Amino acid sequence: MAPLPTPPAQPDDAPGQYVGLSAEAAERRARSRGWSTVRSLPPGTVITMEFRSGRINFEVDGSVVTRCWLG
């Protein structure tokens, strides 16, 4: 059996720093810090719980980030 691949390292970033930013500013910051996938979601969106290395998620309400999490 082949060994499990090691996921790439994620950017060293604190999700809490994005809360309160405009969605546009948060996406620019995330991309400049090396996130390969940036996902903005409206509040209450149903999503799957799979973890994806390199992804940062924003819950955006009224063009402002209200919640941020990794994966």
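Please refer to the structure higher up on the page.
Attention here is on the structure that accompanies the text. (Residues numbered from 1 in each chain as written. Predicted model: local features only at pLDDT ≥ 70, side-chain atom pairs only at ≥ 80, totals over all residues. Heavy atoms only, no water.)

Focus on the overall build of the protein chain
Thinking step 1. Scanning the protein chain for helices and strands turns up one helix and three strands.
Thinking step 2. Of the regular secondary structure in the protein chain, the N- to C-terminal order runs α-β-β-β.
Thinking step 3. Across its three principal directions, the C-alpha atoms of the protein chain cover 50 × 25 × 15 Å.
Thinking step 4. When the 71 residues of the protein chain are sorted by exposure, 28% land in the buried category.
Thinking step 5. Contacts in the protein chain between residues far apart in sequence, at least 24 positions, make up 38% of those at least 6 positions apart.
Thinking step 6. Counting only carbon and sulfur atoms, one obtains 57% of the accessible surface of the protein chain, whose full area is about 4,800 Å².
Thinking step 7. Positive and negative side-chain charges of the protein chain, numbering 8 and 7 respectively, have mean locations separated by a distance of 3 Å. (Helix = DSSP H or I, 4+ residues; strand = E, 2+ residues; numbered from the N terminus. Buried < 20%, exposed > 50% of the residue type's maximum accessible area, 1.4 Å probe, protein only. Contact = heavy atoms within 4.5 Å. Areas by Shrake-Rupley, 256 points an atom, 1.4 Å probe, with all protein chains shown as cover. Lys, Arg positive; Asp, Glu negative; His and termini not counted. Charge placed at Lys NZ, Arg CZ, Asp CG, Glu CD.)

What about the packing of aromatic side chains?
Thinking step 1. Under the counting rule described, the total for this entry stands at one aromatic pair.
Thinking step 2. Both rings, one in Tyr18 and one in Phe58, keep their centres 5.2 Å apart while their planes meet at 45°; by these two values the pair is tilted. Remark: Phe58 occurs in strand E2 (residues 55-61) and Tyr18 occurs in the segment before helix H1 (23-32); sequence separation between them is 40 residues.
Thinking step 3. Note on Phe58: relative accessible area 0%, which makes it buried.
Thinking step 4. Taking NZ or CZ as reference, Arg29 lies 5.8 Å from the ring centre of Tyr18, over its face.
Thinking step 5. Between the NZ or CZ atom of Arg67 and the centre of the ring of Trp69, over which it lies, the distance is 4.0 Å. (Phe/Tyr/Trp six-rings, centres within 6.5 Å; stacked < 30°, edge-to-face > 60°. Lys NZ or Arg CZ within 6 Å of the ring centre and 35° of its normal.)

Some points on the sheet that holds E2
Thinking step 1. In spatial order, the strands read E1-E2-E3; together these three strands make up an open sheet with mixed pairing. Taken across any chain shown, the strands that pair with only one partner, and hence form the sheet edges, are strand E1 (37-41) and strand E3 (64-70). Between one strand and the next, the sheet's axes are offset by a mean angle of 25°, whatever the strand orientation.
Thinking step 2. Strand direction decides the pairing type here: E2 and E3, joined by six bridges, are antiparallel. Note that in E3 the partner of Asn57 across the bridge is Trp69.
Thinking step 3. Contacts between H1 and the sheet are confined to E1, E2 and E3, with E2 contributing the most and set at about 170° to the helix. (Pairing = 2+ DSSP bridges. Axes fitted to C-alpha atoms, helices over the stretch in contact; angles between N-to-C directions.)

Shape descriptors only; they carry no functional weight alone.
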